[in-house]
Amino acid sequence: NTAGPNATGRGARQILVEPKDRVLAQRSFVPFEPRKRLYAINVGTPAGVHFSYDFETGSILRAWRGGFLDAFLMWDARGEPQLAQPTGPALTFDGKPTVAFIESARAGGWPDAPEALWSSQGYTLEADGLPVFAATLSDLKIRDRIAPTADARGLTRTLEVKGELPSWSVWVLLAEAETIAPQPDGKGWVVGDREWYLDWPADAQVAPVLRVREGRAQLAVPVTRAALEKPITYSLVW
């Protein structure tokens, strides 16, 4: 599933990695503003929908369709940069912790760094090679499954949260952008200038809250006792 170095029209060299018949998971550093993410993984699928995930924050850093990775900066010579680059245009997300303690749903700030009680527990592989990420936050255990949608237009994310809710309010950040607006059909949200769409299931146990903080719109959902009984599931479509 890996092609050797290839010359491009610009004279650069590539080492292309393509998930032709199975899911591929490739650890690497991920360049991300304002700082490079050192504990990350790139997941490529035969459906042609791929993403990069940050273990430190439990966030999806970027997603793209088409070709998977150019690993030239990882595997050529000593590979000092340890960077794997998407071979297609990538959609970049906020990179903030997915799950956090928020004192007030509408006024509390969202942290840029993970909570002190957050701990990544790595991942397990499903039969097709798709990783399912695990983490703990205080007494909560979190399983995070990210997979291509059935039509390969995006990703479906399923967050399972189990355990005892702490005395602090626990929230899941779904999206952050300059603007977030409801979809006209009421089935989800338009993020940014139609950069991507968040589809929300009609039978969800809880409804997202739209917050505005320091000029940025944030869409978040509370982790309630109902969320402990049924996973939080939504899709990112672009």
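Note that the coordinates shown come from a computational prediction; the quantities given were computed from them, not determined experimentally.

## A look at the overall build of the protein
On a plain count of helices and strands, the protein comes out with two helices and 21 strands. The globule rule puts the C-alpha radius of gyration for 238 residues at 18 Å, and the 18 Å found for the protein is close to it. With the C-alpha coordinates aligned to their principal axes, the bounding extent of the protein is approximately 55 × 40 × 35 Å. The buried share among the 238 residues of the protein stands at 48%. When contacts within the protein are restricted to residue pairs at least 6 apart in sequence, long-range pairs at least 24 apart make up 52% of them. Separation of charge centres in the protein, based on 26 positive and 28 negative side chains, amounts to 2 Å.

## Observations regarding the packing of aromatic side chains
In total, this model carries nine aromatic pairs according to the counting rule given. Centroid distance Phe-101 to Trp-168: 5.0 Å. Interplanar angle 40°. Geometry classified as tilted. Of this pair, Phe-101 sits in strand E10 (residues 99-101) while Trp-168 is found in the loop between strand E14 (154-163) and strand E15 (170-177), placing the two residues 67 residues apart along the sequence. Classification of Phe-101 by relative accessible area gives buried; the value is 16%. Residue Trp-168 is classed as partly exposed on the basis of its relative accessible area of 47%. An aromatic cluster is present here, built from Tyr-53, Phe-55, Tyr-123 and Phe-133 joined pairwise through their rings.

## Details of the pairing of strand E21 (residues 232-237)
Judged by how many residues are buried, E21 sits mostly within the fold: five of six residues are covered. Relative to E21, E14 runs antiparallel, the two sharing six bridges. Across the sheet, Arg-157 pairs through a bridge with Tyr-234, a residue of E21.

## Digging into the sheet that holds strand E3 (residues 24-30)
Spatial ordering of the open sheet is given by E3-E4-E5-E6-E9, a layout of five strands whose pairing is antiparallel. Lying at the two open borders of the sheet, with one neighbouring strand each, are E3 and strand E9 (90-92). When the angles between neighbouring strand axes are averaged without regard to direction, this sheet yields 25°. With three bridges joining them, strand E6 (residues 59-65) and E9 adopt antiparallel strand pairing. In the strand pairing of E9, Arg-62 is matched with Thr-92.

## Notes on the sheet that holds strand E20 (residues 216-222)
Spatially, the four strands line up as an open sheet ordered E10-E15-E20-E19, and their pairing is antiparallel. With one partner strand each, in any of the chains shown, E10 and strand E19 (209-213) form the two edges of the open sheet. On average, each strand axis in the sheet is inclined to that of its neighbour by 45°, with strand direction left out of account. Here six bridges tie E15 to E20, and the two strands are oriented antiparallel to one another. By the bridge assignment for E20, Trp-171 is matched with Pro-222.

## What to know about the confidence of the model for the protein
The predicted structure's coordinates, where accompanied by low pLDDT, should not be read in detail. Averaged over all residues, the pLDDT of the protein equals 90, while 91% of them reach at least 70. Between residues 1-11, whose pLDDT stays under 50, and residues either more than four places distant or in other chains, the model counts 25 contacts.

## Brief notes about the nonpolar core
Nonpolar side chains in soluble globular proteins generally cluster together in the buried interior. Within the largest apolar cluster, 47 residues are counted, with the highest numbers of intra-cluster contacts made by Phe-51, Trp-196, Leu-198 and Ile-232. Ignoring anything within four residues of it in the chain, the contact list for Trp-196 reads Leu-91, Phe-93, Leu-174, Ala-175, Trp-189, Val-190, Val-191, Leu-236, Val-237 and Trp-238. In this structure, Val-17, Leu-24, Trp-64 and Ala-84 belong to the second largest nonpolar core, which totals eight residues.

## Focus: the pattern of salt bridges
When the charged atoms of two side chains lie near each other, side chains of opposite charge can form a pair. The full count for this structure, using the stated rule, is eleven salt bridges. In this structure, Arg-37 and Asp-54 form a salt bridge, with 2.7 Å as the shortest nitrogen-oxygen distance. In this pair, Arg-37 sits in strand E4 (residues 37-44) while Asp-54 sits in strand E5 (residues 49-54), placing the two residues 17 residues apart along the sequence. The residues Arg-37 and Asp-54 share a single accessibility class, namely buried. Glu-178 is the salt-bridge partner of Arg-216, the closest N and O atoms lying 3.0 Å from each other. Of this pair, Arg-216 sits in strand E20 while Glu-178 sits in the loop between E15 and strand E16 (180-182), placing them 38 residues apart in sequence. What makes Arg-216 partly exposed here is its relative accessible area of 27%. Here Glu-178 falls in the exposed class, since its relative accessible area comes to 56%.

What counts, and where the lines are drawn
Residues numbered from 1 in each chain as written. Predicted model: local features only at pLDDT ≥ 70, side-chain atom pairs only at ≥ 80, totals over all residues. Heavy atoms only, no water. Helix = DSSP H or I, 4+ residues; strand = E, 2+ residues; numbered from the N terminus. Rg over C-alpha atoms; globule rule 2.2 N^0.38 Å. Buried < 20%, exposed > 50% of the residue type's maximum accessible area, 1.4 Å probe, protein only. Contact = heavy atoms within 4.5 Å. Lys, Arg positive; Asp, Glu negative; His and termini not counted. Charge placed at Lys NZ, Arg CZ, Asp CG, Glu CD. Phe/Tyr/Trp six-rings, centres within 6.5 Å; stacked < 30°, edge-to-face > 60°. Pairing = 2+ DSSP bridges. Axes fitted to C-alpha atoms, helices over the stretch in contact; angles between N-to-C directions. pLDDT = per-residue confidence, 0-100. Core = buried A, V, L, I, M, F, W, Y, C linked by side-chain atoms within 4.5 Å. Salt bridge = Lys/Arg side-chain N within 4 Å of Asp/Glu carboxyl O.

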